Amino acid sequence: MKQTDAQKNYEATRQAIAYVERRHATIEDYKRIGFKSGLEVHQQLKTKSKLFCRCPAGLYHANDDYDAEVIRHMRPTLSELGEYDGTALMEFKTRKNITYRLNNQSACTYEVDDTPPFPIDQQALDYAIEISLLSKLNIVGEVHITRKQYLDGSIPTGFQRTAILGVEGEIQLKNKKVRLIQLSIEEDSCREISDIGHSRVFKTDRLGMPLIETVTHPDMDTPDELAEAAEYIRFLNRSTGKVRTGMGAGREDVNVSCAGGSRVEIKGVAHNKWIPELSHNEAFRQWALLNIRKLIKDRGLKQNTWKLSHKEIGLSQPELLTPALRGKLNQGFQIMAINLPDLKGILSHFTQPGHLFADEIIHRLKVIACIERPNMTHSEELNPLLSNKHLKKIAAWLEAGKDDAQIILWGPPADIPTALETVEERLLMAFEGVPLETRKSFADGTTIFERVLPGSDRMYPDTDSAPIPLTVEYIDRLGKNLPMDIADRYRQLKDWGVPEDTWKYLLSKNMSPLIERISDKFSFSPKFIGTFIGHTFKNIEGKKELHKNFSYEKIYQLFRYINEKELIPGIAKFMMPMIYEFPDMQFSSVLTSIHFKQRSLSDILTPIEFLHEKFKENGAVPNSDSLINWLMGQVHQQAIGNVKLSDLRQKIRLKIKEKN
């Protein structure tokens with residue numbers, strides 16, 4: 001039996017689907033595969049309390065800082081229509097022991113479902129409705145709290161309380177409008193500490209914090225449009241000043257499909273810069289799975305008649321036990337050899353850069369059967385664990401045909417039945433194309449299976465929470481002081497003449513109101529202030545350690561001081577690094593530290609004639625520009641903060657002209 005050249009097959013199937021790297025991809029490539037994508041943007045609200053209890057929000061703890069542990073075993077419940085959700089059934093199959101670590105400072109009996117919910121936090125509701133209005137959504141007349149099942153253990157109750165606040169809005173990108181489906185308010189989940197085998201550990205400090213979820217229609221036709229929409233919603237949320245920032249405070253779920261594929265959700269993307277690569281690779285992964293379906297169909301295989309077969313490899317088959325497999329037996333694992341009729345070349349089919357179709361099975365074994373990786377090898381490995389000789393022996397023992405492929409998996413005996421079921425289930429899915437699933441993202445732009453995609457059957461009413469009517473007067477009051485629309489902010493920055501390479505930083509930090517405030521109050525150029533913050537301050541922020549007492553208000557205070565002392569605003573470039581590190585230092589002391597002395601223009605110009613003569617004595621070429629540049633360099637330090645450098649240059653030029 002001839003073995004498959006896995007590397008050659010990987011490259012051939014990559015070419016067969018015409019995969020292109022994102023940096024080389026064109027709009028035509030995305031049209032060819034029918035790229036389609038939407039977003040679910042989650043953003044924590046900056047409230048004092050959690051959403052349905054009065055524990056403090058935003059109080060985080062180390063993994064080992066806890067006062068008690070609670071252990072739970074999750075079980076699915078019927079939906080409102082009497083159906084079980086597929087995700088809940090999958091999670092139940094994992095037989096996980098869920099441990100929660102609770103700290104008394106950030107958790108109470110509500111978190112572990114021993115107390116009914118408190119009334120919804122009013123501050124959170126106000127903030128969420130303001131953002132709904134800013135998103136041009138239609139606000140609901142009455143808020144209805146529902147329960148959304150989560151059996152992955154991320155919420156001790158097994159469900160998340162959530163409510164829709166607004167529907168059918170829109171945001172304006174550079175070249176198109178993107179429709180919004182809805183905005184919901186919900187409680188955040190626990191933070192995972194570990195997930196090994198059948199044991200998963202969480203801490204509850206983040207649990208219950210108010211969170212909004214903005215959901216778009218699948219209106220984005222390229223990865224770049226998708227990233228632009230994610231940034232827009234991020235900027236919109238931050239423009240209110242009422243959301244949390246920092247790692248984990250904002251997270252995106254990216255929904256991707258291709259023509260003939262299915263909606264796949266890339267879960268919890270922490271960095272918007274990852275979105276283009278992730279969505280690009282996911283669309284092509286689906287394109288690859290559709291090609292696998294075609295190959296299977298072309299071979300005449302039928303889903304309802306295709307069957308795999310398996311045998312256990314044990315001590316009674318010493319000729320099959322390589323040192324690697326014998327080591328698995330010594331660990332107490334059971335080893336199963338599986339034959340896949342007529343699927344030769346499928347396991348090594350390209351799916352993502354560096355990923356084969358076999359990886360789709362490997363990751364499901366980790367998630368569903370709870371067998372830690374490495375959990376299997378196969379006959380089409382890029383880096384084989386077993387030699388061709390041993391693979392041939394196993395294939396012969398399985399009575400495999402020349403077009404068959406083989407998988408050898410191992411794990412605790414109790415997990416093997418689930419593992420075999422998982423392998424067969426995923427292979428049968430290949431007959432259909434692209435399974436509906438949620439996937440975990442990585443920085444390199446690839447993803448792995450996380451769980452089955454939840455459906456509507458996981459939703460049901462929360463009988464512990466009464467409906468909340470929203471009056472017209474209440475909504476009108478919240479809508480009176482909304483910040484400027486982000487599209488208008490872009491136009492404003494352009495009108496000010498602020499360099500475009502600063503816009504992303506300024507909007508992500510919500511700096512436009514600060515620029516307005518400084519320029520309006522002290523008549524400084526908004527172009528100068530925006531450039532200073534977007535270039536100089538950003539550079540300082542990226543290089544120096546942040547002092548706990550520093551806030552962006554210090555920038556305003558600095559320019560107020562510069563205005564009061566009638567200094568030239570360029571001095572801020574030299575003062576800001578010290579203020580960032582030592583925000584409690586007096587501004588006058590900062591000036592002393594940078595050796596600043598207040599001088600008049602005439603004082604600065606006094607040594608120009610002497611310096612001119614020195615320039616000539618040194619034998620320098622008497623070029624007008626080189627002379628002026630040299631003289632500027634000599635008096636530059638004394639001029640900073642005292643006179644505009646452009647004015648100084650003009651005065652020096654006139655002085656030299658008069659002398660000549």
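Keep in mind that what you see is a predicted model, and the values were worked out from it rather than measured.

**Student:** Got a sec to walk through the overall build of the protein? Specific residues and values, please.
**Tutor:** Broken down by element type, the protein carries 22 helices and 23 strands. Looking at the protein as a whole, 52% of its 660 residues qualify as buried. Across the protein, contacts joining residues at least 24 apart in sequence account for 76% of those joining residues at least 6 apart.

**Student:** Give me the lowdown on the pattern of salt bridges, citing residues and values where you can.
**Tutor:** Counted by the stated rule, this structure contains 48 salt bridges. A salt bridge links K176 to D221; its shortest N-O distance comes to 3.3 Å. Placement of the pair is K176 in the loop between strand 7 (159–172) and strand 8 (177–187) and D221 in the loop between strand 11 (210–216) and helix 5 (223–239), with a sequence separation of 45 residues. Of the charged contacts in the structure, one is a salt bridge between R489 and E516, with a shortest N-O distance of 3.4 Å. One end of the pair, R489, is in helix 12 (residues 486–496); the other, E516, is in helix 14 (residues 512–522), and 27 residues separate them in sequence. Here E516 falls in the partly exposed class, since its relative accessible area comes to 23%. Among the charged side chains, a salt-bridge network with shared partners connects E282, R285, E360, R364, R426, E437 and R439.

**Student:** Requested: an account of the nonpolar core, with residues and values cited.
**Tutor:** Side chains of a nonpolar character, in soluble globular proteins, are inclined to be buried together. With 100 residues, the main nonpolar core has I533, F559 and M575 as its most contacted residues. Residues in contact with I533, not counting those within four places in the same chain, are Y505, L506, M511, L514, I515, K538 and I555. Core analysis: the second largest hydrophobic core is formed by 34 residues, C258, L347, I361 and I371 among them.

**Student:** Provide a residue-level description of the packing of aromatic side chains, including the pertinent values.
**Tutor:** On inspection of all chains with the given rule, the structure shows 18 aromatic pairs. Geometrically, the ring pair formed by F522 and Y556 is tilted, given 5.3 Å between the ring centres and 40° between the ring planes. With a gap of 34 residues between them, F522 in helix 14 and Y556 in helix 16 (residues 553–564) connect regions that are remote in the sequence. Considered together, F522 and Y556 belong to a single accessibility category, that of buried residues. With a centroid separation of 6.4 Å and an interplanar angle of 20°, the aromatic rings of F528 and F532 are classed as stacked. Of this pair, F528 and F532 both sit in helix 15 (residues 526–543), four residues apart, which is roughly one turn of that helix. Over the face of the ring belonging to W397 we find K311, whose NZ or CZ atom lies 5.1 Å from the ring centre. Its end group placed over the ring of F449, R364 keeps NZ or CZ at 4.1 Å from the ring centre.

Rules of the game
Residues numbered from 1 in each chain as written. Predicted model: local features only at pLDDT ≥ 70, side-chain atom pairs only at ≥ 80, totals over all residues. Heavy atoms only, no water. Helix = DSSP H or I, 4+ residues; strand = E, 2+ residues; numbered from the N terminus. Buried < 20%, exposed > 50% of the residue type's maximum accessible area, 1.4 Å probe, protein only. Contact = heavy atoms within 4.5 Å. Salt bridge = Lys/Arg side-chain N within 4 Å of Asp/Glu carboxyl O. Core = buried A, V, L, I, M, F, W, Y, C linked by side-chain atoms within 4.5 Å. Phe/Tyr/Trp six-rings, centres within 6.5 Å; stacked < 30°, edge-to-face > 60°. Lys NZ or Arg CZ within 6 Å of the ring centre and 35° of its normal.

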